[in-house]
Every structure is written in structure tokens, then in C-alpha cells.
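Tertiary structure, described
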Amino acid sequence: MKTKYLKRIVAFVIVLSMVFTTVAMAIPFGQAKKMLKNGYSWDYVQKFVKRKGIMKGYPDGKFYENQYVKRADAIVMIDRAFKLSALIDILNRDYKDMFDDVDINEYFYEAIYIAKLLGITKGRGNNKFFPKQSITVEEVLLLIERAMDKNKYFEFDEDIDLWEDYKDLLGKNKNLKDYATRGDIATLLYYVLTGGQYDEESEYDIDDIQLTIEEGEVLRFDDEYDKKDSLVETIEDEVDDLVYVQFTKPSDKNNNFLYYDYDSSSRSNSFVTNKNKYYVDPERKQLDLSKVTVVPKKAGALEIEYLAYDDEGDSYKGLIKITVEEKRGELEDITFTGYENAPISFSISKFKEVFKKEFDYSSNDKISFKLPDKKYGALYFDEDNDGELERSEKVEEDDILKLKQMNLVYFYPAPDQVDDEKTIEIEYTVEDGDGNIYEGKIKILVKSLLDTLTLEEDDAFGQEVQEYLDEFEDHDFVTILFEKVDKDSDSDLRAGTRSVIGTEISIRRLVSVEFVPERNFDGTTFKYTVKTNDGLQFIGLIKVEADN
């Protein structure tokens, strides 16, 4: 679609503005030298890099700050710290011009590719990177400095001078040629990104969790919501080795909404309290975090403050923001039927027929789709109305169309997608002129183009099949391939003296194909595949019955 490129640019700008805002707010000018003068807490450093997802601890709960770091892992850390991936989101990544010794299957491949593309790393000559060698302090300083220079969307404290300050940060005995440890890299990144003010930058230690549910909807902490991880999994992603959670704001003064082990059929349910601990893996008599349940009583905004504790006893303060929307109107299902390998048009009349039963629709009402799994097919909007569905016209998740455009929307089944009984479901949302939201489902049945053709053993086989295929005037069939369904049958299909079973032949030769029955013939079935001049193929069955 012509609007897609503009949308991607806007989205990219938003991402960059978010990166810029977040980092700029976290870096008070003039604090870098103050940090060096007053010292800094290793606890803050460790907590910062873990919270930001730059570095993680090990399964035994230790950070191993004295462990040397591989060159590849250092690039991964810097990629995470400076959000380098966001800088090339709209580029066409073809993964060319990569270091010869960096395997595409390795976890660090993407980070090294991005760093090389941005000129942050240049390898060690001869197009080699040596990803598994330990990195030196000097190399880390160079990489961080280049990441700071290349990234135009960050603001850094003007007092920062890594080459002058690294000994004050890492220790007087630390030299440039020494191997860098996890603690060294964590400290340098903390110094650059915060100016030593991590403990004052935010009321919360963990990024806010935001989601939207419907009025009256019940959401347990272990429920997946809208293709996203559950709340338990989301908190686990933020806090390594999460053990339990305590809630400090489980309700507001007008609306108790957080329950434990909620049962809608019961008149007596227990509220979550701020004294109890709710465990990820509860033992006997311990409360289970997965059973904590959000039960909103009315539309509005809900906030849940919590403290998440890891296996070392460290706590992280977080906030869950829940937007509760008014219950949406549910529309009748709309059903469309089409055939394999052919686009199925969405008729505007069917939408209008359903809409008029629920609300006063207009041609400008907005419609968006929850896209089907690509294994079933894709939606297209024939924007130029030329009847040709191009890749650029594929409907994306965030595309918003209008009711008057529905005749230009098509569902194109995936190649050879056929099911004569089970429908493909596509959810959609419509917003009328007053801002009211309605939801519905489109059910699509993709049938086989070719029905089973029944012939008798004495019929002119090839001619009968040819006449049947000629009925499909929209398709120019060019070849046909016959296969046996009854493997034990000795019946054959021949053109002259040669069998054509298992051989793709031209449609022009079809009229010369004859059926040759086996002795004591009592019926058989052949499968056939026809291909068109534009590369489509269709499968059908031919049932041959014995003459009575």
C-alpha cells in the first residue's frame, strides 16, 4: 500500500523519539565528574544493567563481575545498551559484507552485523572478528566511544571522557591492554548512560507493564493476552530469577479488583493484600502468583504497584497499568466461500447487512483486521483497483480501512490451502462515527476447485476429462499429471502404447489418453493435478466405475 512506507517512517521516528526521550532524561549534565568524585555503588551498577536488560546474572544468582568477556558478548551488551537495532529498523538487511568468522546461526550474529554496518566495529583485519577471544579494556573504550558518536539520538554528559576517567572507574591498576571483565563493562556503561544518578531517575525500577482489557473481562496473571506473554512471564522477563511478588497497591478506594483464585460462580472471593507473598513456583501453603486475577468492575484506568523479589532477595518496584474499555458490541459472523489458489473478494453488502442490525453505519466507518496466521493466507487491499494483488498491497496489522473500501479487500489463501469443512477465521473491529467499537468475525471456507469426476470404464476417458476442464474458463490449464489412488489396482492410463501414470503431460495430449481396465475390473480412482500458465495448480479426483 502506498501509505505503508509513510507509516513505517512515522513508526521509526516514534521509536527514535522514545529512545531520545528515555536516555536524555536519564543523563543529568555535569553528574559524570560528580560520580567519580563521590564514588558509586556497585549494587546500583549491577541493578542498572540487569534492569535495562544489558547484562544478566547466572543461574546460581551470581553476577561474576571478575569474569573476562568475549568480543562477541561485548558487542551484544553495547547493542542492548545503546539500542543500536532501532537505528536500522527500516533498512533492508541483506546480511552481506559480514566478517568471515561470524556464523549466521550464532546468537551474536545480528548484534555484530549491526555494529559493523554502523561502523562501530571494524574487526581485526582480513575480514576477521575473532568473536570468541577475550576483549581488552582499550577495545571496549573504542566500541563505546564509537557507539556514542554514531548514535545521534542520545545525549551524553559533556564531562564524560572515557580515556581520562577509566582508571578512576575500573581501578588504578587497570591498563588498556588488560582483558575487560563483566564488572568493567557494566561500570563503563553505567557511567556513560546515567552519570551516576540511577537511584534518582525514576520512582520505579522496572518498565511499566501496560495492557487493555474489556469491562467485565477476567484476566489471571498466567493468561496470555492478545498474543502477548502473561503478566507472570512479563515480570519474569524484567526480573531475573524471580521468586515472589508483593502488591503494594492492589486496589483503589472505589474499586477492589485484584483477587486470588477467583471463581465467578462464588459469592465469596479473596482479595489480594499487600502483606502476602505470591510465588512463581509455590511450595506447600505458599500463594501462587499465577492465581492472582484482575476482575475490573467498571471501565477506566487501573494501576497495580508491586515489588518483585529475586533469589538474592533484591527487590524491584514496578507498575502495571490496565486500561478497562467499555464492553464492545459483538456482530454476527460474516461468511465468504472461495476456491483454492484464488483471491476471495470481501463483499461490502455482507458487511452492511450485519452492521444495520446493530448500529447506524456510514461509508466512512473504520475497519481494522486481526490478521490470520500466514499459513492460512493473507489479506490484500487492491488500492489501485486494477485487479492485480501486489506484495505492496498486503494489509498490515495496523492498517485502518473504511467500509466503502471493502469491495477492494481480498483474502488470498496460502498455496494449496483447501478445507471443504473447516473455516478460516479473521477477527475485525469497526468504529462508527460516534467512536463506538464493535467486533466481529469473518469466516472463510476455501473449497477445492475441482469436484470428483465420475466416469464409466467404456467412456472416452481423455475426452471426458478435457470437456470437464474446459468448463473452467478463468483458468488456462497447460499440463496434467495422473496418479493412482488405489495402489493395488492394475488398471492403467495410456496414450498410445505408453502409460501416462506419474508423467506430466501437455493438456493437448489429454484427448488421446485411454483408460485400460484390469482383469475383473470393479472400479478404481485416480488423482490428477493440473497446472495453469501462471503457475497455479489444482488437484482433483476421477472415479472410474465398472459397467454393469
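Here the residue index of a chain counts from 1 through its sequence in written order. Given that the model is predicted, a residue must reach a pLDDT of at least 70 before its local features are reported, and side-chain atom pairs must reach 80 or more before they are shown or counted; all residues, however, enter totals for whole chains, interfaces and linings. Side-chain calculation: all heavy atoms of the structure are included, whereas hydrogens and water are not.

**Quick notes on the overall build of the protein chain**
- For the protein chain, the count of helices and strands is 11 helices and 29 strands.
- Burial classes: relative accessible area under 20% of the type maximum marks a residue as buried, over 50% as exposed, and values in between as partly exposed (1.4 Å probe, protein chains only). Looking at the protein chain as a whole, 43% of its 548 residues qualify as buried.
- Counting contacts in the protein chain only where the partners sit at least 6 residues apart, residues at least 24 apart contribute 70% of the total.
- Accessible areas in this description were obtained via Shrake-Rupley with a 1.4 Å probe; residue shielding takes into account the shown protein chains only. Total accessible area computed for the protein chain in this model is approximately 29,900 Å², and 43% of it derives from carbon and sulfur atoms. What counts as a helix is a DSSP run of H or I of at least four residues, what counts as a strand is a run of E of at least two, and both are numbered from the N terminus. Contacts are residue-level and defined by heavy atoms, with any inter-residue pair within 4.5 Å sufficient.

**Thoughts on the pattern of salt bridges**
- Salt bridges are defined as contacts in which a side-chain nitrogen from Lys or Arg sits within 4 Å of a carboxyl oxygen from Asp or Glu. Per the stated rule, a full pass over the model turns up 15 salt bridges.
- The closest approach of N and O atoms between E106 and K132, which form a salt bridge, is 3.8 Å. Taken as a pair, E106 in the loop between α4 (71-82) and α5 (109-117) and K132 in the loop between α5 and α6 (137-150) lie far apart in primary sequence, 26 residues in all.
- For E106, a relative accessible area of 28% corresponds to the partly exposed category.
- Between K172 and D168 there is a salt bridge; the shortest N-O distance is 2.6 Å.
- A residue is classified by how much of its surface remains accessible, and K172, at 60% relative accessible area, is exposed.
- A relative accessible area of 41% means that D168 is categorised as partly exposed.

**Notes on a negative patch on the surface**
- Residues E456, D458, D459, E464, E467, D470, E471, E473, D474 and E545 make up a contiguous surface patch of negative charge.
- As for its placement among the helices and strands, E471 is situated in the loop between α11 (461-469) and β23 (477-484). Nonpolar side chains (Val, Leu, Ile, Met, Phe, Trp, Tyr) are joined into patches within 5 Å and like charges within 9 Å, using only residues with over 30% relative accessible area and no salt bridge. Within this scheme the basic residues Lys and Arg register as positive and the acidic residues Asp and Glu register as negative, but His and the chain ends are omitted. To locate a charge, take atom NZ for lysine, CZ for arginine, CG for aspartate or CD for glutamate.

**Regarding the packing of aromatic side chains**
- Here a Phe, Tyr or Trp ring, Trp counted by its six-membered ring, pairs with any other such ring whose centre lies within 6.5 Å, and the pair is stacked when the planes are under 30 degrees apart, edge-to-face when over 60, and tilted otherwise. Applying the stated rule across the entire model yields 29 aromatic pairs.
- Pairing F346 with F351 gives two aromatic rings, centres 6.2 Å apart and planes at 50 degrees, and the pair type is tilted.
- With relative accessibility at 0%, the residue F346 sits in the buried group.
- On the basis of an interplanar angle of 85 degrees and a centroid distance of 5.4 Å, the ring pair of Y468 and F472 is categorised as edge-to-face. In this structure, Y468 and F472 share a single accessibility class: buried.
- A connected cluster of aromatic rings, assembled from ring pairs, spans F336, F346, F351, F355, F359, Y361, F369, Y428 and Y438.
- Look at NZ for Lys and CZ for Arg. If either is within 6 Å of the ring centre and within 35 degrees of the ring normal, a charge sits over the ring. A cation over a ring is seen here: K116 above F99, with NZ or CZ 5.1 Å from the ring centre.

**Structural notes on the sheet that holds strand β24 (residues 492-495)**
- Two strands qualify as a pair provided DSSP detects at least 2 bridges between them. Read from one edge to the other, the open sheet built from three strands follows the order β25-β24-β27, with strand pairing classed as antiparallel. Whereas interior strands pair on both sides, the edge strands pair on one side only; in this sheet they are β25 (498-499) and β27 (513-516).
- Examined bridge by bridge, β24 and β27 share four bridges and lie antiparallel to one another. Counterpart to R494 in the pairing with β27 is E514.

**Considerations on unusual backbone geometry**
- Phi angles above zero are rare outside glycine, and Y64 is one such case at about 55 degrees.
- Summarising the element assignment, Y64 is placed in the loop between α3 (42-51) and α4.
- The class of Y64 is partly exposed, set by a relative accessible area of 33%.
- Despite not being glycine, N385 has its phi angle at roughly 55 degrees, a positive value.
- Here N385 shows up in the loop between β17 (377-381) and β18 (401-402).
- N385 sits in the exposed class, given a relative accessible area of 55%.

**Let's talk about the pairing of strand β20 (residues 419-431)**
- Here strand β16 (residues 366-370) runs beside β20; their pairing, made up of five bridges, is antiparallel. Following the sheet pairing, K370 is matched in β20 by E427.
- Sheet topology places β20 next to strand β21 (residues 437-447); nine bridges connect them, and they run antiparallel. If you follow E425 over to β21, its bridge partner there is K443.
- Between the end of β20 and the start of β21, which pair antiparallel, lie five residues, with G435 showing a positive phi angle near 85 degrees.

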